[in-house]
Amino acid sequence: MTRLRGAATAAAVVLTLAATLAPAQAAEPVADRAPTGCVQPASAGAAAKGGRAEVQDHRDVSAAEQRAIEERTADILRAKGAAASRTASVSVPVYVHVMAAADGTGDVTDKQIRDQIAVLNTTFAGRESSAAADTGFTFTLAGVDRFYNDKWHIDQQSNQYRRLTRQGGADALNIWLVEFAYLGIATFPWDYGSSGDIDGIRVLWSSLPGGTETNYNLGETATHEAGHWFGLFHVFQGGCKESQGGDGVADTPAQSVATNGCPEGQDSCPSEGLDSIHNYMDYSYDSCYNQFSLGQSTRMSEMWAAYRA
Ligand SMILES: [Zn+2]
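Parameters at a glance
Residues numbered from 1 in each chain as written. Predicted model: local features only at pLDDT ≥ 70, side-chain atom pairs only at ≥ 80, totals over all residues. Helix = DSSP H or I, 4+ residues; strand = E, 2+ residues; numbered from the N terminus. Buried ≥ 20, exposed ≤ 12 C-beta atoms within 10 Å, placed from the backbone. Contact = placed C-beta atoms within 7 Å. Axes fitted to C-alpha atoms, helices over the stretch in contact; angles between N-to-C directions. Parallel < 35°, antiparallel > 145°, perpendicular 65-115°, else oblique. Nonpolar A, V, L, I, M, F, W, Y, C, P; charged D, E, K, R; others polar. pLDDT = per-residue confidence, 0-100. Core = buried A, V, L, I, M, F, W, Y, C linked by C-beta atoms within 7 Å. Pairing = 2+ DSSP bridges. Expected span 1.5 Å × (residues − 1). Left-handed = near helix turned anticlockwise from the far one by under 90°.

Caption draft 1: Expanded view of the environment of Gly200. Turning to its location among the elements, Gly200 is positioned in the loop between helix 7 (192-195) and strand 7 (201-204). Take Gly200: there are 26 C-beta atoms within 10 Å of it, and that puts it in the buried class. Each C-alpha atom, one on Gly200 and one on Gln167, is 9.9 Å from the other, the two residues being 33 residues apart in sequence. Every residue in contact with Gly200, bar those within four places of it in the chain, is listed here: Arg162, Arg166, Leu173, Asn174, Ile175, Trp176, Thr187 and Trp229.

Caption draft 2: Focus on unusual backbone geometry. At Gln157, a position not held by glycine, the phi torsion is positive, near 55°. Within the secondary structure, Gln157 is located in the loop between helix 5 (150-153) and helix 6 (158-165). Here the phi dihedral of Asn215 falls at roughly 75°; this positive angle occurs in a residue that is not glycine.

Caption draft 3: Highlighting the packing of helix 3 (residues 63-80) against helix 9 (residues 294-308). The N-to-C vectors of helix 3 and helix 9 enclose an angle of 70°; their axes lie 9 Å apart at closest approach. Between helix 3 and helix 9, the angle falls in the class roughly perpendicular. Here Thr73, Ile76, Leu77 and Lys80 of helix 3 lie close against helix 9, whose contacting residues are Glu302, Met303, Ala305 and Ala306. Taken together, the residues of the contact of helix 3 with helix 9 break down into 5 nonpolar, 1 polar and 2 charged.

Caption draft 4: Structural view of the confidence of the model for the protein chain. For the protein chain, per-residue confidence averages 83 on the pLDDT scale, and 77% of positions sit at 70 or higher. Ignoring residues within four places in sequence, the model shows residues 1-29, a span with pLDDT below 50, making 32 contacts including any to other chains. For residues 35-57, every residue scores under 50 in pLDDT, and the model assigns this stretch 43 contacts once sequence neighbours within four places are set aside.

Caption draft 5: Structural context of the nonpolar core. With 57 residues, the main nonpolar core has Met99, Ile175 and Leu177 as its most contacted residues. Apart from the residues lying within four places of it in its own chain, the contact partners of Met99 are Gly106, Phe147, Asn149, Trp152, His153, Tyr161, Trp176, Leu177 and Val178.

Caption draft 6: Representation of the environment of Ala118 in the model. Looking at the element boundaries, Ala118 is found in helix 4 (residues 110-124). Note: C-alpha distance between Ala118 and Gly219 (101 residues apart in sequence) is 9.2 Å.

Caption draft 7: Summary view of the pairing of strand 3 (residues 90-100). Sheet topology places strand 3 next to strand 4 (residues 137-148); 11 bridges connect them, and they run parallel. Bridging from a neighbouring strand, Met99 pairs with Phe147 of strand 4. By the bridge criterion, 5 bridges tie strand 3 to strand 5 (residues 173-178) in an arrangement that is parallel. Note that in strand 5 the partner of Val96 across the bridge is Ile175.

Caption draft 8: Just the pairing of strand 5, in detail. The buried count for strand 5 comes to 6 of 6 residues, which makes it a mostly enclosed element. Of the two faces of strand 5, the one carrying Leu173, Ile175 and Leu177 and the one carrying Asn174, Trp176 and Val178 are both buried. Relative to strand 7, strand 5 runs parallel, the two being bridged by 4 bridges. Following the sheet pairing, Ile175 is matched in strand 7 by Ile201.

Caption draft 9: Representation of helix 9 within the structure. Counted at 1.5 Å a residue, the expected span for helix 9 with its 15 residues is 21 Å, and the 20 Å between its end C-alpha atoms agrees. All of the buried residues along helix 9 are Gln296, Ser297, Arg299, Met300, Ser301, Glu302, Met303, Trp304, Ala305, Ala306, Tyr307 and Arg308. Residues of helix 9 that are buried sit in contact with helix 3, strand 3 and helix 7.

Caption draft 10: A look at the packing of helix 4 against helix 8 (residues 220-229). Relative orientation of the contacting elements helix 4 and helix 8 amounts to 55°, with a least axis distance of 9 Å. Of the possible angle classes, the one that applies to helix 4 and helix 8 is oblique. Seen along the crossing, helix 4 lies across helix 8 with a hand that is right-handed. Taking contact as the criterion, the partners of Gln116, Val119, Leu120 and Thr123 in helix 4 are, on helix 8, Glu220, Ala222, Thr223 and Ala226. Tallied by class, the residues present in the contact of helix 4 with helix 8 amount to 4 nonpolar, 3 polar and 1 charged.

Shown next as C-alpha cells:
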C-alpha cells in the first residue's frame, strides 16, 4: 500500500505502529497561502483553485499574542547579544518530501525540484526587482525523498508524516509537497521549540515551476511559505491598524486586503503608501511577486538569530 523510495524504509515501519495510537491533534502553528474555496471546498469545485481567498487556515495570531512574540524575540536577541546582528549570509539546507499518491499523482520531477530551489535562491537574493532586498539567505538541496501514500498525498495524518520524515535541525527547511485546498501552509520559527518535529512548510505540488496551478506555478508559493517560516506575517496582517501590530515591519504600508491578481495602484488604507502587491507576503499572482522589503529582510535575520541559528 505504502510504497517508498529513498531512505524512508524505517519510517514506514514506524507509521504502522503510530497509526494505531491516534495521537492527539496538536494545536498547529501555521499560516497559509490559501486559494479560494478552502473553507467550502465541496461546493467550490475545480474552479476554486487559482483564486485567492481572504480566509486563512491558521491559528490566528492576535495583536496581543503578536506583542508577546515580539517581546520574547527581543529578549532572546538581547540574551544572545545578537540584537544588532545582521545576517550576512546563511546557507539553508532544504529537504524536499514528495508526498505522491499511489498512482503517482504529485510525483514531481527532479528538474522541478531543482527549479524550485533556484526560485528560492532568486527570490531571497532580491533578483526579481531593483526594489527588492537581498536577504542573505541561500538554499541548497540537501535531500529528496518520495512517498506513494494516498492519505499523505492529500495531507491526512500530517502531524504523523511530518514527524516521521522531517530531517535536519532548526536551520533546515523541510518542504512537503502535497495536494490540498491551499497553496501552502507554514509553521513559524517561534514555535520551533514546542513543535520542532513538524517544523517546515507544506506546499501544493502543482505550484512548483512548470506545474499546473494557473497563475501560481512559478514556484513562488514556496517563497511565500518560507517567508512565514523565517518569521514574516502577511503584509495585510492587522489591516489598516498598523499601530496595533500590523506585520511588524515598518516599510510595508498598512494594507487591509489580501491581494488577488496584480492590481497596480491598489491602496486599501488611508495611511501613506500603496499596498505591497508585489511583495512575496501578499496573495498576488506569482507573476506579480518580485520582492521582500528591507524591513522584512531585517526581521528574517533577527528571527533567524533568535530561533534558528
Ligand atoms: Zn501566508
